[in-house]
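# Examining the three-dimensional arrangement
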Amino acid sequence: MTYKLTVYANASKPREHAATVHALLLVSEPGRPFSPLQSDYHFEYTECDVLGSRWRVAVPNKQDTCTGLPDPVKGTQCTFSCNEGEYLDMRSQTCQKCSAGTYSLGTGVGFDEWDAMPTGFVSHGINLNIADMYTNCSNSTWIPSGDYIASNIDECTATLSYSVSLKKAGTVSFEYFYPDKNIFFEFFVQNDQCQSTDSHVRWMRTSEKDWTSYDVSLNRGNNVLYWKTTSFALVGSAVKPVLLRNIAISGVAYTSECFHCKAGTYSAKPGSAHCTPCPADSYSNKGATVCQQCGPDLYAEAGSGSCKQRPACTTSDYFYTHTPCDSNGQTQLMYKWIEPKICSEAVGGLNSSEAAVSLPSSGQLETCPPCNPGFFFTNTSACEPCPHGTYSNGTACAECPVGTEPVVGFEYKWWNKMPDNMRSFVYSREYSDTDRSTGWEVAGEYIYTTPGDLDSDYMMLSLTVPGYRLPHSMAKDEERSEVSRISFVFETQCTADCKLYFMKGYSERNNEMVEHWSGTTRKQSYSYLVKHNSTVSFTWAFQRTEAYSQVRQYSADFAKLYSIHITNVLGGVASQCRHCALGSGLASECVSCPPAHYMVEGSGVCKSCPANTFIRADQTVGEAACVPCGPNTHSNKAHSACVSSCRLQAGGREGEVLRYDFTPLANVTSFQSSPRFSSKGLRYFHQFRVGLCGEEGREVAVCVDNVTETKEVRGYACQSTVVPSDVRGQTVVSSQPFVIGDTLIGTRFSIWFLIPLITDTTSWLGKGVTVPICYIYLFRGCCVYRRSSETTQTCKKGRATTIRLRCDPTVTAKDQITLPSKCSEGTCDGCSFHFLWRSQHACPLCTESHYREIVSGCTQGIQRTTYVWQQPLQCTGGVALPPQAVRACVSLDIWLKVGVSAGTVAAALLIGISCYFWKRTRKLEYRYSKLMMTAGDKECELPAADSCAIMEGEDAEDDLIYLTKKSFFTKIKSFSRERSSDGFDSVPLKSSSGLEMEMS
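About the thresholds
Residues numbered from 1 in each chain as written. Predicted model: local features only at pLDDT ≥ 70, side-chain atom pairs only at ≥ 80, totals over all residues. Heavy atoms only, no water. Helix = DSSP H or I, 4+ residues; strand = E, 2+ residues; numbered from the N terminus. Buried < 20%, exposed > 50% of the residue type's maximum accessible area, 1.4 Å probe, protein only. Contact = heavy atoms within 4.5 Å. Disulfide = S-S within 2.5 Å. Phe/Tyr/Trp six-rings, centres within 6.5 Å; stacked < 30°, edge-to-face > 60°. Pairing = 2+ DSSP bridges. Axes fitted to C-alpha atoms, helices over the stretch in contact; angles between N-to-C directions. Salt bridge = Lys/Arg side-chain N within 4 Å of Asp/Glu carboxyl O. Core = buried A, V, L, I, M, F, W, Y, C linked by side-chain atoms within 4.5 Å. Patch = residues over 30% accessible without salt bridge, like charges linked within 9 Å, V, L, I, M, F, W, Y side chains within 5 Å. Areas by Shrake-Rupley, 256 points an atom, 1.4 Å probe, with all protein chains shown as cover. pLDDT = per-residue confidence, 0-100.

On to the overall build of the protein chain, then. Helix and strand counts for the protein chain stand at four helices and 73 strands. Counting the 1000 residues in the protein chain, one finds 42% classified as buried. Considering only residue pairs separated by 6 or more positions, the protein chain has 63% of its internal contacts joining residues 24 or more positions apart.

Set out below in structure tokens:
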């Protein structure tokens, strides 16, 4: 039979408090007595009421516990708490000290054992749905791994959560190891309304070489803690997981029990707040109060729960080093066991090759190598730095001559002693309490890595500097970003998957990887340009293998550094002096040469560089320091770099000058490659940002890394990898930025071909004379060349970028940039990048030769001239198209009327003239006939002169008199009658007597 017991209290009564207790009581059978044991139930507190009070009630551990439970009693105040090392005894409701072998955080809970998922923690994977692809991430969870819990390494999102209710404000603290930027790692806290409390600090910063502590304040009430990781392997290499350990939460007001110390730790006294790891060569079980020593043939690392058999000593278990030089200039060769020593010199096999080796004898004297440049030998044969203003080659210091300045820096090429600004240590991801403190040892001509406790240990070597200062001969300006240069010569020899990392950082514990080398590498040099004063540390880390194993197999693998040279260091030493320009004051101190001047070698005199040149950053002495600017560029005011005004010109046909104005394209333009997908379907892009041209003060291209913290690179062109926002909850996730162009090399033009545009089609076919009206230039493009000064293992000469601008009047957008079809990432070798930029602003500026005129007919006394562009149009901007021109004209119908009238008049005049000459001809015929009749029959005799001449008073014109009046047709007929037989016509004459007669 089941009953529901409810206890009510009236808050208005001073002795009673509101509380509600629900308990399931199973009543025993009638006649059967029941008396529960203390182990059959436990005590819990009810929820606090508005007055901050609560009740203690007994809750059965088994369902068959029905009667005899203690009655509810008033509990402690909700603000009650115990100190560290104590727990709340619910029976007496008082704080008691934890017994030896256990510990307590007092007002909190801790989790330092990860053999299994602790109670309250939940881990699950989030499925990815990208486009049409579905990825099952149900198995992508956090994995307990003994001392820590590891995140997923596949391309899914894995979440680890823990829910806790705090009675008062508290904190959560934990340690994490986050070495790989290919994983997004975030930690955030939500309340019971799923609202994040601190979103601005949710993204964790990477930790290249050590565990990082992190803590966040928690509010009173319900808090849900989330650790979330999302991996994406974009470079094809293995991803390193995020590791968590030592999670502690305070503010729970009380803990009702103490926790047993885990194996490998102990607590010797009651009331311990934490457990102490066992030292090396000792072990302990869970809940131990003291550690047990291992036997003589056994060993154990610090914090071990058991002992292991000692292996036989080999040559990989010891290393050699040199002592400081003595007063005689000699050093001793010393051999040392790797600490802690785990091998045994007494263990060996039947085969001599398997026998244990002993430590070689130490104390062999050798001549000390010289001091490093900039140092000198003291009376005690120790190397000390030369005073300021002096230099040395490693022997004695000498003052720089007048007119010179010391070349300040550090150059280490002799390794008899670890330099004061360098230190070596070992970082072990698995065991951070190791006694090992030396990962690199000096060896005269080089410094090398010593074997570690584990092959997966990182052998660390760090170099710190206080800052940088440019010499007087290298004045800094906006275009020159180099403040220092570090160079080193190294070598690695490996039989496994070893890696050598080179990192830069703002401090020794905040590093960013610059370059890494895998496997065996021959002796080679590497240089890195320092561009910011904030870079004050450099670290080399050597790892023999990423695989964890307690057995050392690759101790013989090593890395060596032969020399390290860093320039322009504050407080550095000088190995040489160089000439400098002297000021005009009495002190004659070194000053910088004026802009656009170089220093004449050996004299300290400044001389002006030729026009349109810039000064090399790494060389300011000699005429070779003046480097000519590339085509279509000019030097800036400081002559430290070449810039472009975005306005260029190129020669065309027959001396024609084509002008270009790229100003509309000068602003920084961003574009992306086509989408790419990782092995699990994670979509990402390569984003490029380019600044085409511009004078000093122009906008530069900026690419950022906002995975762990916002970092940026600047230049003419840069690249970064972006991931869609659904991975991180931001607009875009950008990582792996690098500069692909920080120096403008030049701009060139190239022409494809020339097309003459003609009017006569037959002329085009070769059947006449070709008369070209204009020429259309089809340009292959304007090529802008840039180069990056940063070198990498692959690009030993740096990266280069070529931007081809193609004239396309149909493109109105300013960002239509495409990548090569054969190299979809913009590059085929990772060093040379090529982009094609199509734009109407890449066309030459329009001139008068780019348009033609069309003249209309005369209409109503008006004639119009219209101007149109030549097609296809291959220009932009420039001269504008002239407006339509209108002028007065005379129309064709008026001229036609005038022509007809003039023709009529001319015809009438011709007819009149013809009639006149016809009449004159008839008169001459008459006179001739008359002359012939007077001549008679005499042949060849002319009549007398007076017989046919017109006498004085004689009428000049003799009228024809017809005997009879004839009609018009009769007259016409008479004109056409036939001649007589003698050849004469009958002409009517008028005689002197006035009679008409007809002569025949």
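Two cysteines form a disulfide when their sulfur atoms are joined by a covalent bond. If you walk through the whole model with that rule in mind, you get 19 disulfides. Note on cysteine connectivity: Cys-371 is disulfide-linked to Cys-383, with sulfurs 2.0 Å apart. For the disulfide bridge between Cys-371 and Cys-383, the dihedral angle about the S-S bond is near -90°, and by the sign convention the bridge is left-handed. With Cys-371 in the loop between β30 (364-367) and β31 (375-377) and Cys-383 in strand β32 (residues 383-385), this pair connects stretches of sequence that are 12 residues apart. When its relative accessible area of 1% is taken as the criterion, Cys-371 is described as buried. Here Cys-858 engages in a disulfide with Cys-889; their sulfurs sit 1.6 Å apart. Sign of the S-S torsion, about 95° for the bond between Cys-858 and Cys-889, identifies this disulfide as right-handed. A residue pair is termed long-range when its members are at least 10 positions apart, and Cys-858 in the loop between β69 (851-855) and β70 (862-869) and Cys-889 in the loop between β71 (885-888) and α2 (892-935) qualify at 31 residues. Looking at Cys-889, the relative accessible area reads 23%, which means it is partly exposed.

On to the packing of aromatic side chains. Throughout the structure, instances matching the rule amount to 46 aromatic pairs. Look at Phe-671 and Phe-835: their rings are 5.2 Å apart centre to centre, the planes differ by 80°, and that puts the pair in the edge-to-face class. Remark: Phe-835 occurs in strand β68 (residues 832-839) and Phe-671 occurs in strand β57 (residues 669-672); sequence separation between them is 164 residues. You can call Phe-835 buried: its relative accessible area is 2%.

Taken together, three strands build an open sheet; the order of strands is β28-β29-β30 and the sheet is antiparallel. With one partner strand each, in any of the chains shown, β28 (318-322) and β30 form the two edges of the open sheet. Taking the axes of each pair of neighbouring strands and ignoring which way they run, one obtains an average angle of 35° across the sheet. Where β28 lies against strand β29 (residues 330-337), five bridges are found, and the strand directions are antiparallel. What sits directly across from Tyr-318, in β29, is Trp-337.

Let us now look at the pattern of salt bridges. Per the counting criterion, the structure on display carries 12 salt bridges. The partner of Arg-245 in a salt bridge is Glu-175, with the nearest N and O atoms 2.7 Å apart. A residue pair is termed long-range when its members are at least 10 positions apart, and Arg-245 in strand β20 (residues 243-250) and Glu-175 in strand β16 (residues 170-177) qualify at 70 residues. Two residues, Asp-281 and Arg-310, come together in a salt bridge whose shortest N-O distance is 3.4 Å. In this pair, Asp-281 sits in the loop between β23 (276-277) and β24 (282-283) while Arg-310 sits in the loop between β27 (308-309) and β28, placing the two residues 29 residues apart along the sequence. The exposure class assigned to Asp-281 is partly exposed, which follows from its relative accessible area of 26%.

Residues Gln-871 and Pro-872 are joined by a peptide bond in cis, for which omega reads 0°. With respect to the helices, strands and loops of the structure, Pro-872 is situated in the loop between β70 and β71. The backbone of Asn-246 shows a phi angle near 50°, a positive value even though the residue is not glycine. You can see Asn-246 is positioned in strand β20.

With that out of the way, let us pick up the sheet that holds β71. What holds strands together in a sheet is hydrogen bonding between their backbones, with the strands either parallel or antiparallel. Read across the open sheet, the three strands follow the order β69-β70-β71; overall the sheet is antiparallel. Only two strands of the sheet have a single partner each, and these edge strands are β69 and β71. Taking each pair of neighbouring strands and ignoring which way they run, the sheet shows an average axis angle of 20°. Relative to β71, β70 is paired through four bridges, and the arrangement is antiparallel. Pairing of Arg-864 across the sheet is with Val-886, part of β71.

Turning our attention to the nonpolar core. Counting 36 residues, the largest nonpolar core has Trp-440, Ile-486, Phe-488, Phe-502, Trp-540, Leu-561 and Ile-564 as the members making the most contacts within it. No other element matches the four residues that strand β45 (residues 558-567) contributes to this core. Once residues lying within four places of it in the same chain are set aside, the contact partners of Trp-540 are Met-422, Trp-440, Met-459, Met-460, Leu-461, Leu-463, Ile-486, Phe-488, Tyr-501, Phe-502, Leu-561 and Ile-564. In this structure, Phe-111, Val-189, Trp-227 and Ile-247 belong to the second largest nonpolar core, which totals 31 residues.

Our next topic: the pairing of strand β36 (residues 422-427). Across a regular strand the side chains alternate sides, sitting on one face of the sheet and then on the other. Counting buried residues along β36, five of its six residues qualify, which places the element largely inside the surrounding structure. Here β36 runs beside strand β39 (residues 458-464); their pairing, made up of six bridges, is antiparallel. Within β39, the residue paired with Ser-424 across the bridge is Leu-461.

Take the environment of Leu-570 next. With respect to the element layout, Leu-570 can be found in the loop between β45 and β46 (573-579). C-alpha of Leu-570 to C-alpha of Pro-466: the two residues are 104 residues apart in sequence and 6.2 Å apart in space. Those residues in contact with Leu-570 that lie beyond four places of it in its chain are Pro-466, Gly-467, Tyr-468 and Arg-469.

Attention shifts here to the environment of Arg-683. Relative to the assigned elements, Arg-683 resides in strand β59 (residues 683-690). Sequence separation between Arg-683 and Val-723 is 40 residues, and the spatial gap between their C-alpha atoms is 6.6 Å.

The next thing to look at is the environment of Leu-682. Tracing the backbone through its elements, the reader meets Leu-682 in the loop between β58 (676-677) and β59. Residues Leu-682 and Ser-231, spaced 451 residues apart in sequence, show a C-alpha to C-alpha distance of 9.3 Å.

What follows is about a nonpolar patch on the surface. Together, Leu-909, Ile-913, Tyr-916 and Phe-917 make up an exposed nonpolar region whose accessible area comes to about 430 Å². Residue classification places Tyr-916 among the partly exposed positions, given a relative accessible area of 49%.

Attention now moves to the confidence of the model for the protein chain. The predicted model of the protein chain has a mean per-residue pLDDT of 76, with 76% of residues at 70 or higher. For residues 975-980, every residue scores under 50 in pLDDT, and the model assigns this stretch six contacts once sequence neighbours within four places are set aside.

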